[in-house]
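Overview (structure and organization)
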Amino acid sequence: MIGKITTAIAVTACVAGAQLATPSAASAARLKVHVDAVKSGGMLANKFAFCMPAAKGHTTGGPNINPSISWSKGPRGTQSYAIILYDTDSPAEQREKMNKEGETLTAAVKRKIFYHWVLVDIRARTRSIKEGAASHARVLHGKPATPAPAGGVNGLNDYTTATAANPAMKGNYYGYDGPCPPWNDENLHHYHFSVYALSVKTLHLPKDFDAAAAKEAMKGKILAEGDLVTVYTQNPAKGAKVGK
């Protein structure tokens, strides 16, 4: 059963997401972002993934644990932080080829953004989120909005829309849910862990907000920002390691 469910989510998980990147303030200072257990440009471990490579059936459910993330102190006036994690390599076309035997998603396929984690209103005194604090398991139909780490508020990630047509998976997916790229994708998927220092304590976002709403609310309030880019794949030809 898990194989069928995992294949279904792998087919759909990478096809949703907004077209625009995260907000940026031209004059914003830089934050240094550190993600434990991986260097900038390095491969995320399977334990952080929603789906991971399998010896049979190509893919299976992953542990879906959030990695530890920390950042440097924001400038004077910082009243809160926000974290947005997004994949810039989600296929935007040829979706019928995703996870299909005998097919390959080539590097020429057009890509779009898929949001994996939206956490806002993080306390100004907070400078890190511990491993497993935002997610410690893969939860069918999605994790609830609360609790959120560091006094923050969880937004909906793109698994909410990606699973909407799948009765075995559909639901509201709040907080962190990790990578699940197609196993037949030639591209490594790049995951941006972005942190923002904001000039307000709260963005006053409504219930069930998503990345687009968070980005809009942050406009004009970003004092500093930074990100760390990691990669992940389920394609053995691109370095995927079968989970144990």
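Everything that follows concerns the structure shown earlier in this document.
For clarity, every value in this text was computed on a predicted model and none was experimentally measured.

Details of the state of the cysteines
For the structure shown, the criterion picks out 1 disulfide. A disulfide bridge connects cysteine 51 with cysteine 180, and the sulfur atoms are separated by 2.1 Å. Here the disulfide of cysteine 51 and cysteine 180 is left-handed, its torsion about the S-S bond being about -75 degrees. Note that cysteine 51 is positioned in strand β3 (residues 51-53) and cysteine 180 in the loop between α2 (159-162) and β10 (189-198), a separation of 129 residues in sequence. Both residues of the pair, cysteine 51 and cysteine 180, count as buried.

Remarks on the sheet that holds strand β5 (residues 69-71)
Spatial strand order, β2-β5-β8: 3 strands in an open sheet with antiparallel pairing. Single-partner strands in this sheet number two, and they are β2 (33-35) and β8 (128-129). As defined by bridge partners, β5 adjoins β8 across 2 bridges and the pair is classed as antiparallel. When the bridges of β8 are listed, isoleucine 69 appears paired with isoleucine 129.

Concerning the sheet that holds strand β7 (residues 111-123)
Spatially, β1-β11-β10-β6-β7-β9 is the arrangement adopted by the 6 strands of the open sheet, whose pairing is mixed. If you trace the sheet from one side to the other, it starts and ends with β1 (29-30) and β9 (153-154), each paired once. Where strand β6 (residues 80-91) and β7 come together, 9 bridges link them in antiparallel fashion. For leucine 85, the partnering residue across the bridge sits in β7 and is tryptophan 117. Here helix α3 (residues 211-218) sits on the sheet and contacts β6, β7, β10 and β11 (222-232); the angle it forms with β7, its principal contact strand, is near 60 degrees.

Here's the deal with the environment of methionine 169
Structurally, the position occupied by methionine 169 is in the loop between α2 and β10. Residues methionine 169 and glycine 142 lie 27 residues apart in sequence; the distance between their C-alpha atoms is 7.9 Å.

Topic: the pattern of salt bridges
Applying the stated criterion across every chain yields a total of 4 salt bridges. Between lysine 47 and glutamate 131 there is a salt bridge; the shortest N-O distance is 3.1 Å. A residue pair is termed long-range when its members are at least 10 positions apart, and lysine 47 in the loop between β2 and β3 and glutamate 131 in the loop between β8 and β9 qualify at 84 residues. Overall, glutamate 131 belongs to the partly exposed group, its relative accessible area being 39%.

Here we look at the side chain of glutamine 234
Among the secondary structure elements, glutamine 234 is positioned in the segment after β11. A polar contact is formed between the side chain of glutamine 234 and the backbone oxygen of proline 181, at a distance of 2.7 Å. Apart from residues no more than four positions distant in its own chain, glutamine 234 is found in contact with Cys51, Met52, Pro53, His58, Thr59, Cys180, Pro181, Trp183 and Ala240.

Each value, and the rule that gives it
Residues numbered from 1 in each chain as written. Predicted model: local features only at pLDDT ≥ 70, side-chain atom pairs only at ≥ 80, totals over all residues. Heavy atoms only, no water. Disulfide = S-S within 2.5 Å. Helix = DSSP H or I, 4+ residues; strand = E, 2+ residues; numbered from the N terminus. Buried < 20%, exposed > 50% of the residue type's maximum accessible area, 1.4 Å probe, protein only. Pairing = 2+ DSSP bridges. Contact = heavy atoms within 4.5 Å. Axes fitted to C-alpha atoms, helices over the stretch in contact; angles between N-to-C directions. Salt bridge = Lys/Arg side-chain N within 4 Å of Asp/Glu carboxyl O. Polar contact = N/O pair within 3.5 Å; in protein donor to acceptor, adjacent residues only side chain to side chain.

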